[in-house]
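# Structure at a glance
Next come the chains, spelled out residue by residue.
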Amino acid sequence: MTEVVIDVKNVRKEFSTKYVTVVAIDDVSFEVEKGEVVLILGPSGSGKTTLLSMIGCIMTPTSGEIRVNGKKTTGMSEQDLVRMRREDIGFVFQSFNLLRDLTVQENVEIALNLNGIKGKEARERARDVLIDLGMRERLTFLPADLSGGEKQRVSIARAMVNSPKILLADEPTGNLDSKTGQIVGNLLKTQAKEHEASTVVVTHDNRIESIADKILFLEDGMLKMERRVSS
Amino acid sequence: MVSIARKNLFQDKRRFLITISGIGASLILVFITMGVFTGSVDNSVTIIDHTHADIWVTQKGVSDLLGVGSVLPGNTLQPLDKIDGVQNYSKLIMSPLAIDVYGSQLKVMVYGYNLSTGVGGPWSMASGNIDDLRQNGTIIVDQSIEAKFGKQLTGDSISVGGIPQKVVGVSRDSKWFTFPVVFTSYENAQKLFGSSSVDPKITEDMANYALVNVKPNYDPLKVSKEISTMNGTDAFITSKIRDNTRHWLIFDSGAAMGLAIGAGVGWVIAAIIVTLTIYTVTIERIPEFGTLKAIGASKKDVYKILLEQVFVSVTLGYTIGVICSFIAAAAIVKSTLLPINIGSDTLILAFFLTLILSILGSLVSARKVNKVDPAIVFRV
């Protein structure tokens, strides 16, 4: 029997101002199994990133329920949500979001430090992950001195260094050319499979469809299509 | 652990240098004002600390050495011999006078004391012999006078209140406020004061204070109470007049308030500089703090970064401040004879007060970071 790691049930998210309420996500349900790579496709403004934020414990749904790694995240305290993000989830962002004054290795090390792993152990683990991702020659570089593809590799290393059960990527190829985008997409898949991390990739880049086990299509906040990709 | 705080601070080295220089400069103001204050207080009671008297007798209504001048006519002190417990007493007269050293003038405090008891005389000699003061027209000068003029004065003749006096020795650490002290015999001091008309009330047999030693096994406090019953006098045990003198300078003179305001302003400026720097560094890195929060940094982690920034800034600024203050103090003391005593208590207090004020200032940044929505990471 397969293990469901992410379970999204009837999730709705509204954003309200004084005058208007916008429904960003409307009654969305789906599951992600252990080690499965799920691609969420959809046009801009379809609610992909909002959905990813809720799975990643950064936003909370207005209604519905999300279970991550068996734990119901809706209604969790802020402290527990922070712990979930730190221990169970790895994030990859479109703009890489590396800390500009830290070296490549330090950018990865910091994720370990936040998790209580410090000193030599942190340095060695960060180094190993980066070497695994082909960054051996760039360990002491600052982010400003890296190409877009290299930055995204560092971002993936930072996301994976704590061996999270869940990997969430928001438009990971959005700032990359097609060839680099393909490489980064494949790296995500390789990492997901090696670490058995359930992976959700939000994108409107359908060139990386090949990395997916399952594809969801989101439009106007609603799930329009769910398709399993045969390997 | 990777220090984000230090990376943040050192990224813009010029700004960081300006920050720690600003903190250092503010603390120089703090240290010098506090040092002048402490030095003045210490100097004001130096004579009390070193006279070896048990009781100070003053004019009625005078309870310290600074607030109101004390004049004791000779006949006022005559009943002292009859007070039970009084072993001996020595008259002390003191007054500021100008000295002339090879054409350069300087104001000094002249102490005239009883050579036979030695009470009120020099307590530490750098050179010369105290007994030489028995010769007519002789004085012992403080070492700071030699330092001020850059000359060795023993054996030289200098003018005190217009009268030539021979320097027979040099004493150490004898100052009264900013004035270096010149010691001479009681009798010689009377001549000097009379000649300068500094205090025309001082005539033969008069004194400013009488310094009493009590017989063994007598309680100085009880004896002092007995002396206080004498006509026209008050009497205080040494520790009491010391406390009274310090109290007057600290609380009654107004000088303390001025110095406290100076030190306070310095502290506030230092804290504002740290606050502004931490705030600027924080604002510049709001997206980075958002990223840290998104990948699992807790509020505690964020506070740690901010506190480390404060600690590093204050520690380096403080170090610069301390070093520069000691250099400045040495230069000021040499050129002005202003007493500056930067004690370890001042140094410790300054560090922690600056740190606490700066930490309070950094709460502004902490509030800003706490409000950062980690969802900021998804905004391109």
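These numbers come from a predicted model, not from an experiment. (Residues numbered from 1 in each chain as written. Chains lettered and ligands numbered in written order. Predicted model: local features only at pLDDT ≥ 70, side-chain atom pairs only at ≥ 80, totals over all residues. Heavy atoms only, no water.)

The next thing to look at is a nonpolar patch on the surface. Residue and element names in this part refer to chain B. Together, Leu 29, Met 257, Ile 261, Val 265 and Ile 269 line one region of the surface with nonpolar side chains, adding up to about 440 Å² of accessible area. Ranked by residue count, the leading element in the nonpolar patch is helix H9 (residues 255-284), at 4 residues. Residue position: Leu 29 is located in helix H2 (residues 13-44). Here Leu 29 falls in the partly exposed class, since its relative accessible area comes to 36%. (Patch = residues over 30% accessible without salt bridge, like charges linked within 9 Å, V, L, I, M, F, W, Y side chains within 5 Å. Areas by Shrake-Rupley, 256 points an atom, 1.4 Å probe, with all protein chains shown as cover. Salt bridge = Lys/Arg side-chain N within 4 Å of Asp/Glu carboxyl O. Helix = DSSP H or I, 4+ residues; strand = E, 2+ residues; numbered from the N terminus. Buried < 20%, exposed > 50% of the residue type's maximum accessible area, 1.4 Å probe, protein only.)

This part takes up the sheet that holds strand E1 (residues 4-16) of chain A. All names here are of chain A. Read from one edge to the other, the open sheet built from 4 strands follows the order E2-E1-E4-E5, with strand pairing classed as antiparallel. A strand with exactly one partner marks an edge of an open sheet, and here the two such strands are strand E2 (21-33) and strand E5 (71-72). Where strand E4 (residues 63-68) meets E5, 2 bridges bridge the pair, whose relative direction is antiparallel. Looking at the pairing, Arg 67 lines up with Lys 72 of E5. (Pairing = 2+ DSSP bridges.)

Another aspect to go through is the packing of H2 of chain B against H9 of chain B. Residue and element names in this part refer to chain B. Put simply, H2 and H9 touch, their axes get as near as 8 Å, and they point 165° apart. Between H2 and H9, the angle is such that the two are roughly antiparallel. Where H2 crosses over H9, the handedness of that crossing is left-handed. Among the residues making up the contact of H2 with H9, the classes are represented as 16 nonpolar, 8 polar and 2 charged. (Axes fitted to C-alpha atoms, helices over the stretch in contact; angles between N-to-C directions. Parallel < 35°, antiparallel > 145°, perpendicular 65-115°, else oblique. Left-handed = near helix turned anticlockwise from the far one by under 90°. Nonpolar A, V, L, I, M, F, W, Y, C, P; charged D, E, K, R; others polar.)

Attention now goes to the pairing of strand E7 (residues 163-171) of chain B. Residue and element names in this part refer to chain B. With 3 bridges connecting them, strand E4 (residues 125-128) and E7 associate as antiparallel partners. For Gly 128, the partnering residue across the bridge sits in E7 and is Gly 169. The sheet contact formed by strand E5 (residues 138-142) and E7 spans 5 bridges and is parallel. Bridged to Val 141 within E7 is Val 170. The pairing of strand E6 (residues 157-160) with E7 spans 4 bridges and is classified as antiparallel. Bridge assignment links Ser 159 to a residue of E7, and that residue is Pro 164.

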